Amino acid sequence: MVNAGDAPPILDFSAFYSGDAHAKQKLVDDVRNCCLHNGFFQITGHPVPSELQRRIMHWNKKFFNLSLEEKMKMDKGTSNSWNRGYELLKSQILEEGTLPELKEGYYIGDEIPKTHPYFINKKLNSGPNMWPSASVLPGVEDFKATAMAYYHQVVALAKDILKVLALTLDLEESWFDEFTTGAIATMRLLHYPTQPADSPEKLTRGIGAHTDFGTITLLLQDTVPGLQVYDYATKEWLDVAPTEGAFVVNLGNLMMRWSNDKYVSNLHRVINVSGRERYSIPVFFSGNPDFVVECLPNCRKEGEVPKYGPITAEQAVLGGYADSYGRAERFKKDAEGKGKEGQGVVAGVGVAAT
Ligand SMILES: O=C(O)CCC(=O)C(=O)O
Ligand SMILES: [Fe+2]
């Protein structure tokens with residue numbers, strides 16, 4: 001059981017592959033409890049090799065060590081229109097009323113050539129990745145190979161987690177297979193610099209309180225803490241402790257909507273007061289962009305009308321994008337107008353992410 005005030009539990013996902021029906025059922029029951037509670041859990045015992053996790057984290061750090069000038073050549077705002085590449089520090093405000101976020105990012109996805117129907121039809125985040133050149137980042141070929149191997153393994157794991165989610169709803173394990181075929185997922189390398197000592201404590205965020213847009217998110221943290229999940233019952237922020245080799249799994253807004261709000265896409269945030277640089281890597285699994293999401297079976301009572309109408313996965317995910325970036329733009333304009341940074345009070349929370 002997960003109770004109010006409990007941090008997300010660490011579940012051993014090897015039960016899914018073990019052939020031990022009892023252990024597998026226990027895993028399904030534990031995952032269901034988490035989905036009903038706050039939509040967060042951690043998993044160990046998954047098939048993604050720890051060596052691959054270490055290598056991608058190593059490249060994460062090396063990437064952000066590049067000069068700002070080099071990173072800006074891959075700027076995701078100006079170098080392409082399909083949301084790949086570098087995102088400058090302070091580009092987002094996910095929590096209304098807080099300061100632009102102390103994080104920089106780098107977006108990677110499936111390597112989609114310009115001849116691919118997803119590129120031609122401008123599907124969500126679809127196109128070629130933006131990589132640094134070898135003269136700028138020696139060993140970049142290894143970075144690419146590591147990033148893509150990692151990406152594909154995590155996407156495969158996301159599909160296995162969706163099999164478990166199907167079982168939590170008493171559906172066939174294969175229930176999400178059509179949705180996961182041709183799925184889009186986006187990974188972002190993240191770097192949270194140390195928070196300057198003089199930054200206003202109440203307004204400073206690595207990433208402001210938000211919920212994720214997609215279906216599920218699989219997050220790798222390094223050893224530096226900072227991620228917190230909101231607990232509505234106790235009105236407290238719970239630390240999600242970095243656990244070696246583990247993925248933090250959380251449900252996104254698409255899954256909450258799909259389940260008729262039975263399952264929870266929960267608020268979370270990062271505040272890096274550790275005095276150390278923090279690195280993390282979320283992979284946001286959106287699903288097949290054209291799949292029509294409509295109240296899942298076993299998520300409403302007989303005869304009850306679903307809360308939400310049908311929507312494609314792509315539309316559901318796109319819905320939140322504009323909000324968070326628009327907010328950062330408005331903030332900058334406002335600050336320029338007032339001639340200084342740091343106006344505003346913490347008011348409400350954003351429903352946004354990637
Ligand atoms: O860096 C983290 O620990 C969390 C990142 C996150 O919540 C996000 O990118 O949506
Ligand atoms: Fe998030």
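Residues numbered from 1 in each chain as written. Chains lettered and ligands numbered in written order. Predicted model: local features only at pLDDT ≥ 70, side-chain atom pairs only at ≥ 80, totals over all residues. Heavy atoms only, no water.

- Looking at an unreviewed UniProt entry, one finds the chain named Clavaminate synthase-like protein and attributed to Massarina eburnea CBS 473.64.
- Turning to the chain, the UniProt annotation filed under Sequence similarities (unreviewed entry) states: "Belongs to the iron/ascorbate-dependent oxidoreductase family." (UniProt positions renumbered as here; feature names shortened; annotations may be inferred.)

**Some details on the site of ligand 1**
Part 1 of the argument: Around ligand 1 lies a shell of 14 residues, among which Arg188, Tyr192, His210, Arg278 and Ser280 are the nearest.
Part 2 of the argument: Here His268 contributes a side-chain N or O atom positioned 3.0 Å from an oxygen atom of ligand 1.
Part 3 of the argument: Note that an oxygen atom of ligand 1 is positioned 2.6 Å from one of the side-chain N or O atoms of Ser280.
Part 4 of the argument: Burial of ligand 1 by the surrounding chains reaches 98%, relative to a free accessible area of 290 Å².
Part 5 of the argument: When residues of the shell around ligand 1 are traced back to their parent elements, those giving at least two are β5 (184-192), β6 (207-210), β11 (268-270) and β12 (278-287).
Part 6 of the argument: Of all the elements, β12 adds the most residues to the shell around ligand 1, at four residues.
Part 7 of the argument: Here the residues of the shell around ligand 1 are counted per class, giving eight nonpolar, three polar and three charged. (Near = heavy atom within 4 Å. Polar contact = N/O pair within 3.5 Å; in protein donor to acceptor, adjacent residues only side chain to side chain. Areas by Shrake-Rupley, 256 points an atom, 1.4 Å probe, with all protein chains shown as cover. Helix = DSSP H or I, 4+ residues; strand = E, 2+ residues; numbered from the N terminus. Nonpolar A, V, L, I, M, F, W, Y, C, P; charged D, E, K, R; others polar.)

**A look at helix α2 (residues 50-64)**
Part 1 of the argument: A rise of 1.5 Å per residue sets the reference length of α2, with its 15 residues, at 21 Å; its end C-alpha atoms lie 22 Å apart and thus fit the reference within 8%.
Part 2 of the argument: Here α2 has its buried residues at Leu52, Gln53, Ile56, Met57, Trp59, Asn60, Phe63 and Phe64. All buried residues of α2 project into a common sector of 160 degrees when viewed along the axis, lining one side. (Expected span 1.5 Å × (residues − 1). Buried < 20%, exposed > 50% of the residue type's maximum accessible area, 1.4 Å probe, protein only. Arc of directions from axis to C-beta.)

**Regarding the sheet that holds β11**
Sheets are built from strands paired through backbone hydrogen bonds, the pairs being either parallel or antiparallel.
Part 1 of the argument: Strands sit in the order β6-β11-β8-β9 across an open sheet of four strands; the sheet is antiparallel. The open sheet is flanked by β6 and β9 (236-239), the only strands paired with a single partner. If you compare each strand with its neighbour and ignore which way they point, the axes differ by 25 degrees on average. (Pairing = 2+ DSSP bridges. Axes fitted to C-alpha atoms, helices over the stretch in contact; angles between N-to-C directions.)

**Some remarks on the pattern of salt bridges**
Part 1 of the argument: A complete count under the given rule lists 16 salt bridges for this structure.
Part 2 of the argument: Ionic pairing is found between Asp30 and Lys26, a salt bridge with its closest N-O pair at 2.8 Å. Of this pair, Asp30 and Lys26 both sit in helix α1 (residues 21-37), separated by four residues, roughly a single helical turn.
Part 3 of the argument: For Asp30, a relative accessible area of 19% corresponds to the buried category. (Salt bridge = Lys/Arg side-chain N within 4 Å of Asp/Glu carboxyl O.)

**Observations concerning the side chain of Asn288**
Part 1 of the argument: Considering the arrangement of structural elements, one finds Asn288 in the loop between β12 and β13 (292-293).
Part 2 of the argument: Separated by 2.9 Å, the side chain of Asn288 and the backbone nitrogen of Asp290 make a polar contact.
Part 3 of the argument: Ignoring anything within four residues of it in the chain, the contact list for Asn288 reads Tyr118, Glu178, Phe179, Thr181, Gly182, Ala183, Ile184 and Ala313. (Contact = heavy atoms within 4.5 Å.)

**Side note on the environment of Asp231**
Part 1 of the argument: On the secondary structure map, Asp231 appears in strand β8 (residues 227-231).
Part 2 of the argument: For the pair formed by Asp231 and Ala4, sequence separation is 227 residues and the distance between their alpha carbons is 7.0 Å.
Part 3 of the argument: When near neighbours in sequence (up to four residues on either side) are disregarded, Asp231 contacts Ala4, Gly5, His37, Glu236 and Leu238.
Part 4 of the argument: In this structure the side chain of Asp231 is engaged in a polar contact, spanning 3.2 Å, whose partner is the backbone nitrogen of Gly5.
Part 5 of the argument: A distance of 2.7 Å separates a polar atom in the side chain of Asp231 from a polar atom in the side chain of Thr234.

**Things to note about the sheet that holds β12**
Part 1 of the argument: Reading across from one edge, β1-β2-β10-β7-β12-β5-β4-β3 is the order of the eight strands in this open sheet, with mixed pairing throughout. The strands lining the two open edges of the sheet, one partner per strand, are β1 (10-12) and β3 (85-87). On average, each strand axis in the sheet is tilted by 25 degrees relative to the strand beside it, whichever way the strands run.
Part 2 of the argument: In this structure, β1 lies alongside strand β2 (residues 40-44), joined through three bridges in parallel fashion. Bridging from a neighbouring strand, Asp12 pairs with Thr44 of β2.
Part 3 of the argument: Here α1 sits on the sheet in contact with β1, β2 and β10 (247-251), set at roughly 155 degrees to β1.

**Focus on the packing of aromatic side chains**
Part 1 of the argument: Per the stated rule, a full pass over the model turns up 23 aromatic pairs.
Part 2 of the argument: With a centroid separation of 5.4 Å and 25 degrees between ring planes, the pair formed by Trp59 and Phe143 is classed as stacked. With Trp59 in helix α2 and Phe143 in helix α5 (residues 140-168), this pair connects stretches of sequence that are 84 residues apart. Both residues of the pair, Trp59 and Phe143, belong to the buried class.
Part 3 of the argument: Relative to Phe143, the ring of Phe63 lies with its centre 6.2 Å away and its plane at 40 degrees, an arrangement referred to as tilted. Here Phe143 lies in helix α5 and Phe63 lies in helix α2, a separation of 80 residues in the sequence. (Phe/Tyr/Trp six-rings, centres within 6.5 Å; stacked < 30°, edge-to-face > 60°.)

**A word on the UniProt feature "domain: Fe2OG dioxygenase" (unreviewed entry) in the chain**
Part 1 of the argument: The positions that UniProt labels "domain: Fe2OG dioxygenase" (unreviewed entry) are, in the present scheme, residues 183-287.
Part 2 of the argument: Secondary structure over residues 183-287 splits into 6% helix and 44% strand, and the C-alpha atoms at its two ends are 4 Å apart.

**Comments concerning the coordination of the iron ion (ligand 2)**
Part 1 of the argument: Listed as protein donors to the iron ion (ligand 2) are His210 (NE2), Asp212 (OD) and His268 (NE2); their distances from the metal cover 2.1 to 2.2 Å.
Part 2 of the argument: Site description for the iron ion (ligand 2): donor spacing in sequence, H-x1-D-x55-H. Taken as a pair, His210 in strand β6 and His268 in strand β11 lie far apart in primary sequence, 58 residues in all. Residue His210 shares its accessibility class with His268, and that shared class is buried. (Donors = N, O, S within 2.8 Å, 3.2 Å for Na, K, Ca; no water.)

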